[in-house]
Every structure is written in C-alpha cells, then in structure tokens.
Amino acid sequence: MKPTILSPIGAAIACLGFAATATQAQDVQTVKIAHAGPTSGGIAHIGKDTENGVRLALDELNAQNLTIGGKKIKFEIAAEDDAGDPKQATAVAQKLCDQKVAGVIGHLQSGTTIPAAGIYNKCGIPHITTAATNPDVTKPGYNTTYRLIANDNALGAALAIYAADALKLKNVAVIDDRTAYGQGLADVFKETAKQKGMTVVASEFTTDKATDFMAILTNIRGKKPDAIFYGGLDSQSGPMLRQLEQLGLGNVKFFSGDGSCTEKLPELAGKVASVANVTCATGGISVEKMAGGQDWKKRYDAKFPGAFQIYSPYAYDATMVLVDAMKRAGSVDPKVYVPELRKTNYKGVTAQIQFTDKGELTKPAVTLNAYKNNARTPLN
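Thresholds applied
Each chain has its residues counted from 1, following the order in which its sequence is written. A pLDDT threshold of at least 70 governs which residues receive local features in this predicted model, and a stricter bar of 80 or more applies before side-chain atom pairs are shown or counted, although totals over entire chains, interfaces and linings include all residues. Hydrogens and water molecules were not included; the side-chain quantities draw on all heavy atoms of the structure. At least two bridges found by DSSP between two strands is the condition for calling them paired. Helix numbers and strand numbers start at the N terminus; a helix is a DSSP run of H or I with at least 4 residues, a strand a run of E with at least 2. By the convention used here, residues are in contact when the closest approach between their heavy atoms is within 4.5 Å. Each axis is a line fitted through C-alpha atoms, and for a helix only the stretch in contact is used; angles between axes span 0 to 180 degrees, taken between their N-to-C directions. Comment on the angle field: the value is read as roughly parallel under 35 degrees, roughly antiparallel over 145, roughly perpendicular from 65 to 115, and oblique elsewhere. Charged means Asp, Glu, Lys or Arg here, nonpolar means Ala, Val, Leu, Ile, Met, Phe, Trp, Tyr, Cys or Pro, and polar covers whatever is left, Gly included. Disulfides are defined as cysteine sulfur pairs within 2.5 Å. Relative accessibility under 20% of the residue-type maximum defines a buried residue, over 50% an exposed one, and the middle range a partly exposed one, all with a 1.4 Å probe and only protein chains included. Here, a salt bridge means any side-chain nitrogen of Lys or Arg that lies within 4 Å of a carboxyl oxygen of Asp or Glu.

Draft legend 1. Seen up close, the sheet that holds strand 4 (residues 103-106). The mixed open sheet is built from six strands, whose spatial order is 2-3-1-4-5-6. The open sheet is flanked by strand 2 (67-68) and strand 6 (145-147), the only strands paired with a single partner. In this sheet, strand 4 lies alongside strand 1 (residues 28-37) in parallel orientation, the contact comprising four bridges. By the bridge assignment for strand 4, alanine 34 is matched with valine 104. Sheet strands touched by helix 4 (residues 110-123): strand 1, strand 4, strand 5 (127-129) and strand 6. Its angle to strand 5, the strand with the most contacts, is close to 165 degrees.

Shown next as structure tokens:
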C-alpha cells in the first residue's frame, strides 16, 4: 500500500485540526471540590455517605458540560479523611488550603468543624457543613462558613419538648460524649427539659470512643428515669442500647440527636428490642418527604447500593450550592464567588436554600424519627 502524502493545503488543514483539538483541551479547567470527614473509624459509614453525596453531585455536574467564566469546567473530588479527630481535621484543612481547592463540603462533627473553620477562613476557602450542629460553628460570622441543617438549639429543644408534651415524661437522665457536638446537644436538651418541668435525675459523661457503659447505666438505673438522653454518635448509641437491655432498662425511652439517627443504628445495637424505644432528631426533613427526594434516592442507591445513612442529600445540595455561586459569579475563584454564597436562593433536593448573614439556614427544619421494625421512620 502506498503511503498517504498530504498536499500542502491538506497538511495545513490537518495542523489546524490538531491545534483546535489542543486549544479545546486547554480550555477545559479542572476544579477540585473537597470532601472532609471521617472515612475511617467507628463512624466511617456516615463519613462515606456524605462523601458519596459529593461524588454524585460532581458526576451529575460534569454530565452537564458546564462553562463558567468562558471555560469548560471539569470537577474532581479531593477526598480527605479527618478520622473524626480535631487535630487531624486542622491538618486536613491546611492541606486543602495548600492545594487551593475551590470549596469544601465538611466537616462532619462540630469538634472537627469548629477548628477547621478558622483555617478555611484564613485562606479564603468556603466550606459547608452538612452535619455539624453546635451553634458555635457559625458564631464567628466567617463569610466562608455555612451550615445546611438545623443546629443544636433546634434539635435538642425539639426532643425535650416532644418528651414532655407528647410522651408526658417526668424524669430523665442525660449522658454526653464530651465532644463539642454531644455536650452541646445534651446541654440544650437538659435546659429545655427543665423549662418544661422535667427533672434531670442524673447527668453523666463518657467519650466518643467508649463502648462499655455498664457502670454509667448501672448508676442511672438506681435513679429510675423514664428516659435517657444521649448526646453522641451511633457508634456509642448502639452498644448503649444493647447494655440497657442487659440491665433490664429496655423499656426506658431513649433520645438522641442526628449523629445517632442513622440507618445503621439497629445493626449497631444488635437489633435489640430497645431500639423500638428510640426517638431521634435530624436537622431537615426525611428524604422520603423531600421534593424530588425519592428520585434522588434512586440515583444514589444505583451508584452506591446499600450505603445511604443520613447526610448524603445535604452533601449533594451543598456541592450544588457552591457551584451555583460559581455560576452566578462567573468564576471558580473563591475570592470572586464567596460573596455570592450569602445571596444563595437555590432550590435543592433538601429544601429551598437561603442563608442568614451568619451562614445558617433561614428556615431550618427538624424531623423526629423512631425505629419501627428496625427501620428509621419519620414521626412528623
């Protein structure tokens, strides 16, 4: 076969074609959005759930072939594990600042989010937490810090009001894990319970790494509470429910916040009968009641089968909120698009999202949940 010989005109056209392809490739700008949370350790399942929400959002955004500021944009995730440890969280935050990511979804816990927030603010990178509920997260008023769910003031109060008004409970024992999240939530519950005329018969604390609560629960048993409130995560609530059963306290009502209110709680509790006595609060509405939530859940389950816990729709929306601000600003540079975040009015899966000047939702919702046949079920 004779070799193909291009004419001078054909060669010129071919060169132009190669140049156009190279120009198109150069016009695609890679933009990194980070997820920071615990993807190892006892609550890795919750951290992976939020990371999955970010991944789903970025995949769907990339399918749109977006152009921002005249450039085609390809989003990539920068996934970092903070292991639920404040020191590791600050190291992760500095690493993401050094990498000059465009924005961060995270962190998961108040104890990791609060110290990381100052670092993000210093380097000018916005972050949106989808789970950290301590009011102190937004207290500094950083224009880089946002929260996509109700805070502890709403969650703790809602649980105490339900215990007093709906269940007519009189005596309650309170336990917290000494983290910013757990202790903050417990304090709000305790104060509201007292205001509603309930008696706090015991106030105990543990750690977010403990699994043996027999001594604490034995002491509480002598106080004969109608209910126990636990400020902490499902990795402790599960074993605690098993040990309540072992001590003959299986009929005592059990209250906790969103960190315990996961799909995995019954499994962590060994599916003991006391799971049926759990009432837990989440900041937001259940995915079943979200506008478009069921369709979103189908897409999530198709991509991450069996992984859904609680926060992934909020992580998905948080990612979309960042990109919405970028589009309105015409830039992926945080210095340019951060001012647009305060002006957000975005119709997400979880809600119509708007922020106060502190970075809180203007209309946060709270859902109370129970477990029926070991499945989390909304009460409202």
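Following the structure, the description resumes.
Draft legend 2. Focus on the packing of helix 11 (residues 312-329) against helix 12 (residues 334-341). Where helix 11 contacts helix 12, the axes come no closer than 8 Å and their chain directions differ by 110 degrees. Classified by the angle between their axes, helix 11 and helix 12 sit roughly perpendicular to one another. Of helix 12, the residues touching helix 11 (which contributes Val321, Leu322, Ala325, Met326, Arg328 and Ala329) are Val336, Tyr337, Glu340 and Leu341. Tallied by class, the residues present in the contact of helix 11 with helix 12 amount to eight nonpolar, no polar and two charged.

Draft legend 3. Highlighting the state of the cysteines. Going through the model one piece at a time under the given rule, you end up with two disulfides. Linked covalently through their sulfurs, cysteine 261 and cysteine 280 form a disulfide whose S-S length is 2.1 Å. Sign of the S-S torsion, about 55 degrees for the bond between cysteine 261 and cysteine 280, identifies this disulfide as right-handed. Residue cysteine 261 is located in the loop between strand 10 (253-256) and helix 9 (265-268), and its partner cysteine 280 is located in strand 11 (residues 278-283); the two are separated by 19 residues in the primary sequence. Just as cysteine 261 is buried, cysteine 280 falls in that class too. If you count the bonded cysteines of the protein chain from the N-terminus, they pair up as 1-2, 3-4.

Draft legend 4. Structural view of the pattern of salt bridges. One pass over the full model with this rule turns up 16 salt bridges. With a closest N to O distance of 2.7 Å, arginine 299 and glutamate 60 form a salt bridge. Separated by 239 residues along the polypeptide, arginine 299 in helix 10 (residues 293-303) and glutamate 60 in helix 2 (residues 44-62) bring together distant segments of the chain. A relative accessible area of 28% means that arginine 299 is categorised as partly exposed. Two residues, lysine 196 and aspartate 165, come together in a salt bridge whose shortest N-O distance is 3.1 Å. Taken as a pair, lysine 196 in the loop between helix 6 (180-195) and strand 8 (199-205) and aspartate 165 in helix 5 (residues 152-166) lie far apart in primary sequence, 31 residues in all. Among the residues examined, lysine 196 registers a relative accessible area of 36% and is labelled partly exposed. For aspartate 165, a relative accessible area of 36% puts it in the partly exposed group.

Draft legend 5. Focus on unusual backbone geometry. Here the residue pair glycine 106 and histidine 107 is connected by a cis peptide bond, since its omega of 0 degrees sits within 30 degrees of zero. Looking at the element boundaries, histidine 107 is found in the loop between strand 4 and helix 4. At lysine 100, a position not held by glycine, the phi torsion is positive, near 55 degrees. By secondary structure assignment, the location of lysine 100 is in the loop between helix 3 (86-99) and strand 4. Unlike most non-glycine residues, asparagine 374 shows phi in positive territory, near 65 degrees. As for its position among the elements, asparagine 374 is in the loop between strand 14 (366-372) and strand 15 (375-378). Here asparagine 374 falls in the partly exposed class, since its relative accessible area comes to 32%.

These figures come from the coordinates and say nothing about function on their own.
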